[in-house]
Amino acid sequence: MTSPQNPKIKPLPALIFSARWLQVPLYLGLIAAQGVYVVLFVKELWYLVFGAFDLNEQQVMLIVLGLIDVVMISNLLIMVIVGGYETFVSRLGIEGHQDQPEWLSHVNATVLKVKLALAIIGISSIHLLKTFIEAGTMGALPLCSTVAAGLRCTNITEASVMWQTIIHVVFILSALGIAWTDRVMGGAAGVMNGKSRAEHWPKPLE
């Protein structure tokens with residue numbers, strides 16, 4: 001007899017449902033990308049530590065912001081790998097584990113989208129801050145596209161600063177739109193559930 005937890009599925013629906021396992025190599029690839037970011041972090045940290053006496057304050061700040069950027073991208077990868085696998089492939093079976101992420105207990109596709117949008121805003125903020133710090137070199141250094149390789153130059157222009165700011169604002173508006181849509185859909189679902197309960201609630205005696 002088939003248990004209620006594992007109902008028997010017809011062949012075609014079973015094939016379609018099992019297609020979710022095709023995402024596993026994608027998540028394994030993201031784990032490999034996570035390893036590359038670890039190598040990049042160690043490389044930048046090594047350069048910061050052993051160049052501490054030769055770097056000025058602005059250079060140290062830019063390297064530290066780069067390290068924070070790597071960490072935030074790494075956090076984004078973890079959310080995609082763990083949350084995506086849990087949501088779209090299979091349960092991880094870590095309920096009750098002492099290291100279970102707090103957000104994973106109530107993750108779904110919508111919550112994952114909101115968290116990813118917030119993570120992207122954080123990454124964009126770091127890039128924008130780095131651009132603002134480097135903006136002091138505008139006019140003081142030539143553009144890298146106009147000088148020979150190896151010479152000190154800058155890639156920062158007024159147009160690039162403007163477009164990065166616009167793109168960052170678009171990210172913020174997109175995250176607000178996703179959160180607002182989630183709230184509206186959650187409110188509508190709550191109203192529908194309330195109506196459903198009201199329909200089944202015994203009517204008062206007249």
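Note that this is a predicted model, so its numbers are computed, not measured.

Draft legend 1. Focus on the overall build of the protein. Helix and strand content of the protein: five helices and zero strands. For the protein, the sequential pattern of α-helices and β-strands runs α-α-α-α-α. Looking at the protein as a whole, 23% of its 206 residues qualify as buried. Relative to all contacts within the protein whose residues are 6 or more apart in sequence, the contacts with residues 24 or more apart total 62%. With the model as given, the accessible surface of the protein reaches about 15,000 Å², and the carbon-plus-sulfur share is 68%.

Draft legend 2. How the structure looks around the nonpolar core. In terms of nonpolar packing, the biggest core is built from seven residues, these being Ile73, Leu76, Met79, Leu112, Leu116, Ala119 and Ile123. The set of elements that each furnish at least two residues to this core consists of α3 (57-88) and α4 (109-134). With four residues, the top contributor of residues to this core is α4. Beyond its immediate chain neighbours, meaning those up to four positions away, isoleucine 123 contacts Asp69, Met72, Ile73 and Leu76.

Draft legend 3. Quick look at the environment of leucine 48. Along the polypeptide, leucine 48 turns up in helix α2 (residues 24-50). Once the C-alpha coordinates of leucine 48 and methionine 61 are considered, the two residues, 13 residues apart in sequence, prove to be 10.0 Å apart. Excluding anything up to four places from it in sequence, leucine 48 contacts Leu55, Val60, Ile63, Val64 and Leu67.

Draft legend 4. Seen up close, the packing of aromatic side chains. Taken as a whole and assessed by the stated rule, the structure comprises two aromatic pairs. Where tyrosine 27 meets tyrosine 85, the ring centres are 6.3 Å apart and the plane angle is 80 degrees; that geometry is what we call edge-to-face. Of this pair, tyrosine 27 sits in helix α2 while tyrosine 85 sits in helix α3; the two residues are 58 residues apart in sequence, bridging distant segments of the chain. For tyrosine 27, a relative accessible area of 10% translates into the label buried. Note on tryptophan 46 and phenylalanine 50: the rings are 4.3 Å apart at their centroids and 35 degrees apart in plane angle, and the pair reads as tilted. In this pair, tryptophan 46 and phenylalanine 50 are both assigned in helix α2, four residues apart and thus about one turn of the helix distant. One cation-aromatic arrangement involves arginine 20 over phenylalanine 17; the distance from NZ or CZ to the ring centre is 3.9 Å.

The rules we used
Residues numbered from 1 in each chain as written. Predicted model: local features only at pLDDT ≥ 70, side-chain atom pairs only at ≥ 80, totals over all residues. Heavy atoms only, no water. Helix = DSSP H or I, 4+ residues; strand = E, 2+ residues; numbered from the N terminus. Buried < 20%, exposed > 50% of the residue type's maximum accessible area, 1.4 Å probe, protein only. Contact = heavy atoms within 4.5 Å. Areas by Shrake-Rupley, 256 points an atom, 1.4 Å probe, with all protein chains shown as cover. Core = buried A, V, L, I, M, F, W, Y, C linked by side-chain atoms within 4.5 Å. Phe/Tyr/Trp six-rings, centres within 6.5 Å; stacked < 30°, edge-to-face > 60°. Lys NZ or Arg CZ within 6 Å of the ring centre and 35° of its normal.

Interpretation in functional terms is not warranted from these geometric data alone.
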